[in-house]
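Now for the letters of each chain:
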Amino acid sequence: MSIRYLLTTIAAVLVITFCYGQQDTLSGRIRNQSGRFLPGVNVTVQARGITQQSDTQGVFQLIGLSSGDLVSFKFIGFRDTAIVYSTGLRTLDVVLTEDSGVIQQVDIAASTGYQRIPKERAVGAFETIDAARLENVVSHKILDKLEGQTSLLFDKAASRPALTLRGINTMEGNTQPLIILDNFPYQGDIESINPLDVQNITLLKDASAASIWGARASNGVIVITTKQGTSGPRSSITASSIITVGEIPDLYYPNVIDSRSLVELEREMFDRGVYDSFLNNVQRTWLSPVVESLFAHRDGRLDEQTLQGRLADIAGTDNRQQYGEFMYRPSFNQQHYVSLSSATRGSTYYASAGYDRNVSNLASRLQRFSMRVNYNYRLLEGLHWNNSLQLAHSIQRSGHSGYPAAGYHDRPYLNLVDDNGQHIPHYNLERGYADSMLESGQLLDWRRYPLQEKDLDRQQTITPSAVISTGLTYTIMDGLSAQAVYRYDRQRQELLHMRELGSYFTRNLINTFTQLSDNGPLRRVPIGGIRQDGTMDLRSHNLRGQLTWAKSWGRHHLNALAGGEVRKTNESLVQGGVYGYDPGTLTSGLVNYIDPVRHLLLGTNQFIPDPHVFRSRQDNFVSGFFNAGYDMDGKYLLTVSARRDASNNFGMAANERWNPMWSFGAGWNLHNESFISQGLFDLFKLRLTYGMTGNMDPSKSALTIIRFAGQDPLSRQPRAAVAQDANDQLQWETTRTINGGLDFSMWSARVSGQLDVYRKWNENLFAPALNDLSNGANRYVVRNVGSMQAEGVEASLLVRWISRQHLNFETRFLYNYNRYTVTEYRSNFDRVSRNNINDGLNLLRIREGQSLYPVVSYPFERLDENGQMISRLMGEPSADYSAILNADIDNLVYSGMATPLHFGNVNLHLSYHRWQLGAIFNWKAGYVYRRPTVRYGVLSTQQPLGMGSGSGDFARRWKQPGDELYTTIPRFDYPISPSDNLYPLSEATVASGSHVRLQTVHLLYNLNLDPLKAVQSVRVGVNITNLGLLWRAGNGDIDPDFPTGISLPRTYSLNLQLQF
Amino acid sequence: MNDIKIKVKSIYLVALLLSTFSGCSKILEEKSDQSLKQMETIDDLQALLNNSGIFNDVPAGMGEVCSDNVYFVPDFINAQPEFDQNLYVWHAPNSSADGLLADAWNNCYLAIYYSNLVIEQSQRISLAHTGDVNRLEQIKGWAHFLRAYYHLALVSTWRGPWTAQRDQMLAIPIRVVSDINAPNIRNTLGEVYHQVEQDMLYAIARLPSSVSIVTAPDKAAGYALASRFYLLKGDYEKTRLYADSTLSLKNSIMDYATLDQSANFPFTAMNAEVIFHVYRGINLVNRALTDGVSPELHALYGGGDLRRELYFRRNPNGTPRFKGLYNGTLGIFTGPTTSEVVLNQVEALWRTGQIEESRTALEKFLRHRYRSEFDLPGYVSGAPIDSLIKVERRKELAFRDIRWQDMQRYHYTDGDEYIMIRELRAEKYSFDVANFNIPYPENFLVFNPLYR
């Protein structure tokens, strides 16, 4: 009796819990006037607190309605529509009419790589950008397209992280944001992804957004979602071609000393006997033609008139003209692309193929084929099968080496080609010696021909890659679905560096290791080319299982997902090479790597470099994750997220210590409240999140790790060294973030925007800690002793000034503020000034209370009436250079950060009938950089880096009394004044980096044809990029993004797109 | 009913998904970077010991700079860095000028750290892994030898020889574990010498009878280290015993008359006398080779002494420059040699009362160091045995980082006094053997206040 009662109760409970039959449902399809299905339409039933978006087929399904409920349909670019539900209505076809001519931005849901979160439900800090806006920037690399359009900071300095989101979160660890391609992290070459395949990109900025990625998400996450195929009754085919031509960069931009001044300087140094010890010395040091002529004149081999004539010729030569003519050329890039997007009943697919061909200013070439097929198929009711295949094959070939803006053997008066068109030989060692040794046949030609090197010293990289993914989604019951996804990434890089016998490197190496004797030359490096081959192989398996659950009880709604994933990545490098390579007979020579060889000129014993390298790496991860979002009435939102990772990198003890990464968030959709006027606010949301993410560094381990390092030169046996000291106290780096945000949209999205204010604490950072020398590890041992703190603001505003049928004008403003400081770093006790100078370029000399890249300089007061530098010591003017070099760090001047405190962009977009015009402005402010200037000690002797950016200041130095009013560059003295160690690193060389740049301007003509004809639309566009600086703080010609080297030249693109 | 079926199905699915992750522990055990590895096999341990940069290339010479073999003219020393100046006038360095003193200290402890890693791991390696018991025992011996060698190098430089009255003096930390987080305790001079002795004897029992290249120690190296050790300990009986054992294995003494006096470096690295190869000097001792040879030292080499031409040549300004370096190039050599062992034997014979045997052994040795026409027997029998031995030892082992220890031994054992006066920046500093010990690196004291 009791058992039956029990069973009935259970059955009743089950029935009540799982049975929905009593409530009303309404489903249907939403399409536009052309019949095309519309995904992502907001379907809202305010009375029931239901919010939904139509799926990829434009289908929506509402449950739990009652008679009289208002069902509204909203979609950006279309007029709002609503119907009143009455019982009995089961299906409904909805047609939305377009509101304005062209849609620039579709309000898309945020993709996290695990789920799509519509804006209504989102509580974390997300930023989204779709394909239409990505087209505003022309590039064959997807990440570059984000410049000027998002909160990502692009840093052009090669030594700092190139791409950061909300600043830098670590000192020794990885600084790159995690990049997700569809579902899984992508570790391959980012250039293998064709940007035209990308549907949208979501940036996950705070802990709530990113904590689902756990221990790899501290630097933020970039989720790239590829096109899956549009819905609709007809297929669409798109074909596009983009041709880009780029100007030759401005070779006169680097501040290099001019020929006339250099000749004067060389004369003066000659008169002082600086070059005397180099004449005919054992090392056969190179002397410039100026110096050689002066010696010849002194020895009586050259008369005065010829000397003056020759020096005048040299002084009047500027080789930049020839470099621009013979070595540089306009760049020429082509991007061709065709895609097919289609849907049938039950399946959608997207297929594309692309061909890119780029030739750079220096004739380096890139050729890329890419292909993609994304196929989604409904196997059964409730069972979907998704497949994706991405193939790419790229070949890169090197070009010329470029203008040698810094080089010992390069002088601004050394041309490339003479009047008869013959290549002028350049010398890296004494001209007479090289010529005579060549003539006698004892050595190979030791001269260098810069223009020929491109074809004789070649590097080639071939990168085939494949990404194959397959997944199943199964709806177990209403609201509960299970998903399994597997992806295989495979990428090879085949590197070939071929240095033929004719290349300077090879001839130089052979000569250097030649031993001269009476019986003829004995060559320790055989005659022939030097060929180096390398193969890098990356293989990655990813498998994820996930359960997703969406449930509503009256006013309450719950979305949850949970699952686990496994990832195995193997990366290996095999590299080898041969000397004496003959491509004709495919043979090579033998080389002795074991015994040292005497350097022909220096007399030292050296080893012939062994090109063999073998490396292999296996990274395995196992993770579990959970994420849930709850909302009531569509107004009050709560989310929670957690993830735990384990890896093979750390030893089991460390794995046990891993705390899960977690986050909490709350949100309030005020626009759904009755007290907020519906007509005023389409969206008004407040949100607050707090959570923890991690930064996992696979190279840190709890166990002693040794590395094998070849053969020991003394013991002649294989040797190993300790690569990592066992330290069971090591932990993960963590980042806690608290983020408060406001999203709003007013007057039917005429004005909308987002504001985020955040604070971050980076803790347990790996940093070198001063070590007790007696425990045998190095002076510094890496421990988790660092911490940093950051605060920031992100604000974006979109104003649609004019929003009519045929005329639209909108402006998008984006503002970012990020300030971070090192709060704990206990390894830097050195307070001596000369050890604490900082250019903000490299991660050195980290100090508490500063950012990672501060600019710290010696004080500079002025020049005195003799052109000497006056600095400051303890607040008083002083020229005691030695004391200033050794003074306490308090005597130094802190000028600011080298990374911008404020930055942002402004996007303008105007459309009128069929025309569109847009512009992107980038700006950065609140930072400084050090201007390179002349270094007399380097310029006046024969030491390397004789020229280099900044040496042009030589002409602007103090020369006579009175000049101190116009210049800060001290006088030139020989012997060199000790101020030469101070001035180039003083505050006089620091400049503000604030600037506004016009990044790109584009003009588009859109010919929308009859939808029933074969060709539906034709678009023609023109895009100009790198138009230059509109404003910079201070005067001067330097572009703060490129203080040394050469700045980016302007490029012009023509873009043609057809849609069938 | 359908719903219950669905529920069951869903539970099954979840269980299926979860079970795929249960067998995941293997995945977490795979190695990551495969040129990096944990120490697992004998070959791994061997490779660590083969690292000459760790074990054979260790800066030394602090003692030499403090001894009477070195003298700098004021003009020279006034221009040197502050750290070098402090050492020269027997003062403690200040923290910012710690410099190379800390490097020398650290390099010795680095060698000890590597030895400890090998010793600990060798205890963990099971026989199944190795297949070669002998080889494992040799590796253990080798590592113990190095640990003994470098503890001795540290304690003899920083605290000098052992004497009974100084047995309880605070010395240097003994490190016998590799854990970098393990703290140091106060170790006395006696404890350190005891530790060295134990490691050394353990090693001697296991070292191989010969090696192909003397960057690795063989039994002769073990015996040679022991003779050096017991001399420092003042146990002359054992000194003699081990010196004899060394010489029974390796006893070749080069005839200096056959070497090229005009060469810049007359001696090649790992020559016939070298038993174990260790080299490198701190900056100041390298400068001393060229600019700081004590004139008093140079004057000791008389007319018939071949070492006068082989060890020295003239600077352009006439001062002597030392070139008798057993590593074939610039940088001092500090490893044990047969010549050093012979002199240990000679001194041990003398101190144990066997004067005649001592003179005989000394004469036999000096035959290789003096010209054939020189009256060697007259010289050897003519002088008092103690001063003869001390002078010849000083001349032979100049710039081998041994003089400093000898000076202290002679002071504590024989009561010898040394008067050294050095000038720096117009101030004069005098020296007192009994009251000066080379100071600890400042960085070390920051972490080990027990040693202040």
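Summary of the structure given here. Quick caveat: nothing in here was measured; it's all calculated off a predicted structure.

## Observations concerning the overall build of chain B
When helices and strands are counted, chain B shows 21 helices and 7 strands. In chain B, which comprises 452 residues, the proportion classed as buried is 44%. Put simply, of all contacts in chain B between residues at least 6 apart along the chain, 70% involve residues at least 24 apart.

## Thoughts on the overall build of chain A
The number of helices and strands found in chain A is 13 helices and 54 strands. For 1060 residues, the compact-globule estimate of 2.2 N^0.38 gives 31 Å, and chain A sits close to it at 34 Å. Over its C-alpha atoms, taken along the principal directions, chain A stretches across nearly 120 × 70 × 65 Å. The buried share of chain A, taken over its 1060 residues, is 40%. The long-range share in chain A, meaning contacts at least 24 apart out of those at least 6 apart in sequence, stands at 69%.

## A closer look at the pairing of strand β40 (residues 751–770) of chain A
Residues and elements named next belong to chain A. Sheet topology places strand β39 (residues 733–746) next to β40; 13 bridges connect them, and they run antiparallel. Residue pairing across strands places M746 opposite V751, the latter belonging to β40. Linkage of β39 to β40, two consecutive antiparallel strands, is achieved through a turn of 4 residues, within which W747 is found at a positive phi near 50 degrees. Judged from the 18 bridges that link them, β40 and strand β41 (residues 780–803) form a sheet pairing that is antiparallel. When the sheet's bridge partners are listed, F766 is paired in β41 with N784.

## Looking at helix α12 (residues 236–249) of chain B
For an α-helix, 3.6 residues make a turn, and residues three or four places apart therefore share a direction. Residue and element names in this part refer to chain B. For α12, built from 14 residues, the straight-helix expectation of 20 Å at 1.5 Å per residue is met to within 8% by its first-to-last C-alpha distance of 20 Å. All buried positions along α12 are accounted for by T239, R240, Y242, A243, T246 and L247. Of the surrounding elements, those touching the buried residues of α12 are α11 (219–233) and α16 (338–351).

## Topic: the sheet that holds strand β14 (residues 184–185) of chain A
Residue and element names in this part refer to chain A. Ordered by their spatial adjacency, 5 strands build an open sheet running β10-β15-β16-β13-β14, and the pairing between neighbours is mixed. Because the sheet does not close on itself, it has two edges, and the strands there are β10 (126–130) and β14. Inspection of the sheet shows β10 paired to strand β15 (residues 198–204) by 5 bridges, in the antiparallel sense. By the bridge assignment for β15, E127 is matched with L203.

## Let's talk about the sheet that holds strand β4 (residues 59–65) of chain A
Residue and element names in this part refer to chain A. Taking strand neighbours across the sheet as the criterion, the 3 strands line up as β4-β1-β7 in an open arrangement whose pairing is mixed. Taken across any chain shown, the strands that pair with only one partner, and hence form the sheet edges, are β4 and β7 (91–96). Neighbour to neighbour, the strand axes of the sheet diverge by 30 degrees on average, direction disregarded. As paired strands, strand β1 (residues 24–32) and β4 are joined by 6 bridges and run antiparallel to one another.

## Focus on helix α9 (residues 133–158) of chain B
Residue and element names in this part refer to chain B. Taking 1.5 Å per residue, 26 residues should reach 38 Å; α9 reaches 38 Å between its end C-alpha atoms and fits that length. The element α9 is extensively covered by neighbouring structure, given that 21 of its 26 residues are classed as buried. Among the residues trailing α9, G160 stands out with phi positive, at a value near 80 degrees.

## Here we look at unusual backbone geometry
Residues and elements named next belong to chain A. Cis rather than trans, the peptide bond between Y974 and P975 has omega equal to 5 degrees. Among the secondary structure elements, P975 is positioned in the loop between α13 (936–940) and β51 (990–992). One non-glycine residue with positive phi stands out, namely A363, at about 65 degrees. Here A363 shows up in the loop between β19 (347–359) and β20 (365–380).

## Structural notes on the environment of T735 of chain A
All names here are of chain A. By the secondary structure assignment, T735 is in strand β39. For the pair T735 and N762, spaced 27 residues apart in the sequence, the C-alpha separation amounts to 4.4 Å. Here T735 is in contact with N169, S218, M692, T693, N695, K760 and N762, once residues within four sequence places are set aside.

What counts and what doesn't
- Residues numbered from 1 in each chain as written.
- Chains lettered and ligands numbered in written order.
- Predicted model: local features only at pLDDT ≥ 70, side-chain atom pairs only at ≥ 80, totals over all residues.
- Helix = DSSP H or I, 4+ residues; strand = E, 2+ residues; numbered from the N terminus.
- Buried ≥ 20, exposed ≤ 12 C-beta atoms within 10 Å, placed from the backbone.
- Contact = placed C-beta atoms within 7 Å.
- Rg over C-alpha atoms; globule rule 2.2 N^0.38 Å.
- Pairing = 2+ DSSP bridges.
- Expected span 1.5 Å × (residues − 1).
- Axes fitted to C-alpha atoms, helices over the stretch in contact; angles between N-to-C directions.

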